[in-house]
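# Topology and contacts: notes
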Amino acid sequence: MSTPPKEKGKWLVITVIVAVLALIFGIWGAYTYVTEFKWGEPETWTLSRSILMLGSGFWFVVGAILWIVGTAFLIMELAGYTFMGFKITKFKIRWDSIDIAIMALTAAVYGGALAATGGLVVIPGFTWIRPANALTPVFGVLFGLPGAIGTAIGNFIADAFAGYLGWGSIGGFVGNFILAYIPYKLVSDPSLRSPRAWAECYLSIIIASVWCSAYISWWLYIWSPGVSPVPLVGLPPIMIWGWFFPFVIINNLLVSVILSPPIIYILYPVVKNWGLLWKDRITILSRK
Amino acid sequence: MPLELGLYIDRDSFLHKLDPRSKLVMVVTTIFYPALINNPLYSGVLFALLILMCILGRLTLLRFLIIMYATAVFTIASLILWPMYIVEGKPIIRIVFPWGWVYQATDLGLMYAIHNVFRIVAPVIAMILYVSVTKPYHIVQAIDKMHLPYKLGMAIAIALRFIPVMFNEAIQIIDAQSARGQELKRGSLIKKIKNFLPIFIPLLVRMIRITIVTSMSLEARAFGSSRKRTYREEIKFTKRDYLFSTLWIGLLIVAVVLRITGLGLLPIEYA
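Residues numbered from 1 in each chain as written. Chains lettered and ligands numbered in written order. Predicted model: local features only at pLDDT ≥ 70, side-chain atom pairs only at ≥ 80, totals over all residues. Heavy atoms only, no water.

### Let's talk about the layout of surface pockets
Taken as a whole, the largest pocket spans an internal volume of roughly 1500 Å³. Lining the largest pocket are 47 residues, with Ile143, Leu148, Pro149, Leu152 and Ile156 of chain B positioned closest to its centre. Counting residues per element, the lining of the largest pocket draws most heavily on helix α5 (residues 135–162) of chain A, at 6 residues. A breakdown of the residues in the lining of the largest pocket according to their chemical character gives 38 nonpolar, 4 polar and 5 charged. (1 Å grid on protein atoms, 1.4 Å probe; cavity = no way out; pocket = protein on both sides within 12 Å on 5 of 7 lines; lining within 4 Å. Points joined across faces, edges and corners; volume = space filled by probe spheres on them. Helix = DSSP H or I, 4+ residues; strand = E, 2+ residues; numbered from the N terminus. Nonpolar A, V, L, I, M, F, W, Y, C, P; charged D, E, K, R; others polar.)

Below you can see the structure in the form of structure tokens.
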């Protein structure tokens, strides 16, 4: 049954509002970062100031909640349970040669593209964004769980070659899983052939960007010098919430809002025709 | 960029002959050892040992320099940032820049910054060394022998095999689009990001094709037909693997002792 035109119009308006707001926030964040941010003094950046104003205690609690829920999602999915709406459902994924190949190739493309496209300079200076980050929602929406795990593996491998590898990479592994997982779960129609699906896609990108960043930041924070008795991370705690947290949100949000939905829209028929779409590859067993 | 060169280097060296699990002990040690101490004199020992491993693994100088280049941003950031936070100790550097910014560093601040450089660089060197001297096929086997899902190992091994391929594909697509007149780094910020659309679409279509071919070749080799895996070349944990693992575990124990006695710690707040 097709959506009534009134309903379509409503979702179209929501889509435009969400997309424009996300875009404005991303651009504002990137430019204020370039014009205001001074290394070693994160409070010089308006966005950092707003975040630090709430205190590291607040972010510690928020980060902890998101960390626990995010980790629970990963464990739940690996154990064969997933969310269908608000209900937990048992599902069966074959993990056959196609799923393994999807997982491996998403990891390879993500790792390879991160290295090949490198950092895109916003304004000449010490600022860059990673265009390949836009691939994570694409992998989640089109390939589902194998795509999300592939993204996590790809990020881990890319960390090793880009020089970020360390204890923080474990947080990066799950954080990147979430970055693909949230769009996978929230976008009900992967074809993006309706305004509602576009709105869901933009919303999921915003949620995933914040969640991923909070997840990794919390992980870095608890292992940072001065917080952990055995510091496994080399970043000062103030820089984690004052620089890393907002910087990762802006980085993921900006490229994903611009690139991910059109990529999903264009690639959907190809993925569907080759039989790689997650919806065609999992079996829902029961609902709890 | 190491990806241009491929990952595994087929050579006959001491490290190549070791079991992948014993080399994994080395990687894990490089993550935990610098966390237990913060004196660069001791973390420098780890760095020196890793350089020795690179020589033993017959890693090319080019690859070593590429690793150092990859970590350069973080090492420079660490050298600049940490002295701004560590105020304890004797001031030894003070530079006033023409635009008014003052950079000053104490001896302890600089020592902590150097330690952090070792902390950042060591796991990266260890990981690159690991994939350079370990066949992807052996990584799968190691994961299987550690009672982890072998399918995960398979996915990692295939990913490691295809990263250089996808990297080169991406470079070729960028070159092809540039030849058609596309300028990636021109225009406003939104335009610059949008320019990647004609790069990612063909890259992903290529990826989908490779996925299909890879899955077919896995099927042709009866992938997943039996739960018990057998291997043509079985990896074995021999005496030299025990010795090698003991060396790295011993180093970790030394770090614990240095921490407990306080010898490995600088007299600073961030201890």
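### Observations regarding the state of the cysteines
All names here are of chain A. Going through the model one piece at a time under the given rule, you end up with 0 disulfides over all chains. Unpaired in this structure, cysteine 201 has its nearest cysteine sulfur neighbour in cysteine 212, at a distance of 16 Å. Using a relative accessible area of 0% as the deciding quantity, one classes cysteine 201 as buried. (Disulfide = S-S within 2.5 Å. Buried < 20%, exposed > 50% of the residue type's maximum accessible area, 1.4 Å probe, protein only.)

### With respect to the interface of chain A and chain B
The figure often quoted for interface size is the accessible area lost as the parts come together. Across the boundary between the two partners, chain A contributes 75 residues, which contact 67 residues of chain B. When chain A packs against chain B, the two sides together hide about 6000 Å² of surface, and 84% of this comes from carbon and sulfur. Taken together, chain A and chain B are joined by 0 salt bridges. Where chain A meets chain B, there are 3 residue pairs in polar contact (both at pLDDT 80 or more). (Contact = heavy atoms within 4.5 Å. Buried area = accessible area lost by both parts, 1.4 Å probe. Salt bridge = Lys/Arg side-chain N within 4 Å of Asp/Glu carboxyl O. Polar contact = N/O pair within 3.5 Å; in protein donor to acceptor, adjacent residues only side chain to side chain.)

### Here we look at the nonpolar core
Counting 174 residues, the largest nonpolar core has Leu142, Phe143, Phe177 and Ile263 of chain A together with Phe200, Leu204 and Trp248 of chain B as the members making the most contacts within it. If you tally residues by element for this core, the top one is helix α8 (residues 237–273) of chain A, at 21 residues. If sequence neighbours within four positions are ignored, phenylalanine 177 of chain A has contacts with Leu74, Glu77, Leu145, Ala148, Ile149 and Ala152 of chain A. The next biggest cluster of nonpolar side chains, apart from the first, holds 5 residues, and it includes Trp219 and Leu232 of chain A together with Ile31 and Ala35 of chain B. (Core = buried A, V, L, I, M, F, W, Y, C linked by side-chain atoms within 4.5 Å.)

### Digging into the pairing of strand β2 (residues 102–106) of chain B
Residues and elements named next belong to chain B. Here strand β1 (residues 91–96) pairs with β2 via 5 bridges, running antiparallel. Counted as the bridge partner of isoleucine 95 is tyrosine 103 from β2. Counting the residues between successive antiparallel strands, the hairpin from β1 to β2 contains 5 residues, one of them, glycine 100, with a positive phi of roughly 95°. (Pairing = 2+ DSSP bridges.)

### A closer look at the packing of helix α2 (residues 20–36) of chain B against helix α11 (residues 239–261) of chain B
All names here are of chain B. At a minimum axis separation of 9 Å, α2 and α11 run at an interaxial angle of 10°. One way to sum up the angle between α2 and α11 is to call them roughly parallel. Side by side, α2 and α11 meet where Ser22, Lys23, Val25, Met26, Thr29, Phe32, Tyr33, Ala35 and Leu36 of the first sit next to Asp241, Phe244, Ser245, Trp248, Ile249, Leu251, Leu252, Ala255, Val256 and Arg259 of the second. Looking at the contact of α2 with α11, its residues break down into 13 nonpolar, 3 polar and 3 charged. (Axes fitted to C-alpha atoms, helices over the stretch in contact; angles between N-to-C directions. Parallel < 35°, antiparallel > 145°, perpendicular 65-115°, else oblique.)

### What to know about the pattern of salt bridges
All names here are of chain A. What the rule picks out here adds up to 11 salt bridges over all chains. Lysine 272 is the salt-bridge partner of aspartate 280, the closest N and O atoms lying 3.1 Å from each other. Using a relative accessible area of 34% as the deciding quantity, one classes lysine 272 as partly exposed. Connected through shared salt-bridge partners, Asp96, Asp99 and Arg281 make up one network.

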